[in-house]
Amino acid sequence: MSPAPVFPEGFLWGAATAAHQIEGSPLADGAGPSIWTRFAHTPGMMLNGDTGDVACDHYHRWKDDVKLMRELGLKAYRFSVSWSRILPEGTGRVNQAGLDFYSNLVDELLANGIEPLLTLYHWDLPAALDDRGGWLNPDIADWFAEYARVLYRALDGRVKKWVTLNEPWVVTDGGYLHGALAPGHRSKFEAPIASHNLMRAHGAAVKAYREIGQHEIGLVVNIEPKYPASDSAQDAAAVRRAHAYMNEQYLHPALLGHYPPELKEIFGEAWPEWPAEDYDLIQQKLDFVGINYYTRSVTKAAESYPLNTGVVRQPLGTYTETGWEVFPQGLTDLLLWFKQTYGDLPVYITENGAAFFDPPTADVDETGQRRVRDPLRIDYLRKHLGAIHDAIQAGVDIRGYMLWSFLDNLEWSLGYSKRFGMVHVNYGTQERTPKDSARWYSQVIQSHGRKLAEPLPY
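Here's what I pulled together on the structure shown here.

Cut-offs used in this document
Residues numbered from 1 in each chain as written. Predicted model: local features only at pLDDT ≥ 70, side-chain atom pairs only at ≥ 80, totals over all residues. Heavy atoms only, no water. Phe/Tyr/Trp six-rings, centres within 6.5 Å; stacked < 30°, edge-to-face > 60°. Helix = DSSP H or I, 4+ residues; strand = E, 2+ residues; numbered from the N terminus. Buried < 20%, exposed > 50% of the residue type's maximum accessible area, 1.4 Å probe, protein only. Lys NZ or Arg CZ within 6 Å of the ring centre and 35° of its normal. Pairing = 2+ DSSP bridges.

1. A look at the packing of aromatic side chains
- Here the structure, examined in full by the defined rule, presents 37 aromatic pairs.
- Relative to phenylalanine 101, the ring of tryptophan 62 lies with its centre 6.4 Å away and its plane at 85 degrees, an arrangement referred to as edge-to-face. Here tryptophan 62 is found in helix H3 (residues 58-72), whereas its partner phenylalanine 101 is found in helix H5 (residues 96-111), with 39 residues between them in sequence.
- Owing to a relative accessible area of 6%, phenylalanine 101 belongs among the buried residues under this scheme.
- Plain terms: the ring middles of tryptophan 83 and phenylalanine 144 are 5.5 Å apart, the flat faces sit at 55 degrees to each other, and that makes the pair tilted. With tryptophan 83 in helix H4 (residues 83-86) and phenylalanine 144 in helix H7 (residues 140-155), this pair connects stretches of sequence that are 61 residues apart.
- Through pairs of rings, three or more aromatic residues link up here, namely Tyr59, Trp62, Tyr77, Phe79, Phe101, Tyr102 and Phe406.
- Sitting over the ring of tyrosine 319, arginine 313 keeps its end group 3.7 Å from the ring centre.

So this is what it looks like as structure tokens:
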């Protein structure tokens, strides 16, 4: 048996969620609608017509959910705030009831020894701002900073780790380029504008935090390594395009002050020239970067919009319910690339997990207790935590791990068809049942990683 992994002192073990995916009651207590409220109620946009109207009912069950987090031994909880709960019109009037909800949640987390990691934006833009152009309107950098200041003034100190944006790549690729996510646009010309304004908003929010806040703030990106499908020059060029588009498009401007040159090749006449002062705003000093990792891509040259790339499915690979290959080595490779490219900036793994088939209702075991057996998820988590440990051993400064997700939840336009949770949710009754993976992860936390060296429980 290999030596038991031991993670750095102070390593933060937690789990993550997002507001629209778990809260439900999106219009309760004076909240305004978001683009996801609107998108979900547009016929044909959501699988099975699912909406976030109820979701996991966390808006009413948050105390019990925090109690469950404590019972499972979580040391941290990453969650997002719904912008339109705080500012129903996106700017201006503050909705105190919305602010109180998150303030009470933070207090409950702290009372249970759980550190809050707060994400300002996880895709649910106020619909009122979308009506004014949303991420296509350059004024949104100021709107976002105004919203951020409200939360900084209310919660900084109790919240010591802040995130500006979650996965800006998904916001623009899904929401403005391919139309699969809210607000459902399909435009090669809009996508670069939305991306740039997201980064300007990020910079404005960090700048505002430096004026008000006293702790740490960072950016969360979803990135994945791109491997060539062959030794051909065409596939090598396809990898460069795919890598620049997904992995460098947001990190380069935030950390290096410029975009990768391949973006101009990808977007052609749709790629604007931006003023130098925009890069000055975007490139603010960050305290950490959050990395969300799920899979890799084996990339080939192909006729596709807009990258002219394709993905090669691996015949011997293991794939999750979302069609993503299980490839933990990719996480180690990615973390080493991050260190080599951007230096020794602290990193949190802010999302990592897998959707495998789980039944809609929990089983009852021989003792009469509800149980959900999920051996594939345990295997996935064990291997990816091992990959993180390998990266730490190689010198990457990784400060924590947030399992995605704490609860089964609304998987955006895929509705409730995919279950990522460590805790099973019966959507008919809202019963929570910790899966075997939750019990296993609890032991990993308690042992500070030594559990990883033990045989799997199946």
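2. With respect to the pairing of strand S5 (residues 216-222)
- Of all 7 residues that make up S5, 6 are buried, and the element is covered over most of its length.
- Across 4 bridges, strand S4 (residues 161-166) lies against S5 in parallel orientation. Considered in S5, the bridge of asparagine 166 is made with valine 220.
- Where S5 lies against strand S7 (residues 288-292), 5 bridges are found, and the strand directions are parallel. Opposite asparagine 222, over in S7, you have asparagine 292 as the bridge partner.

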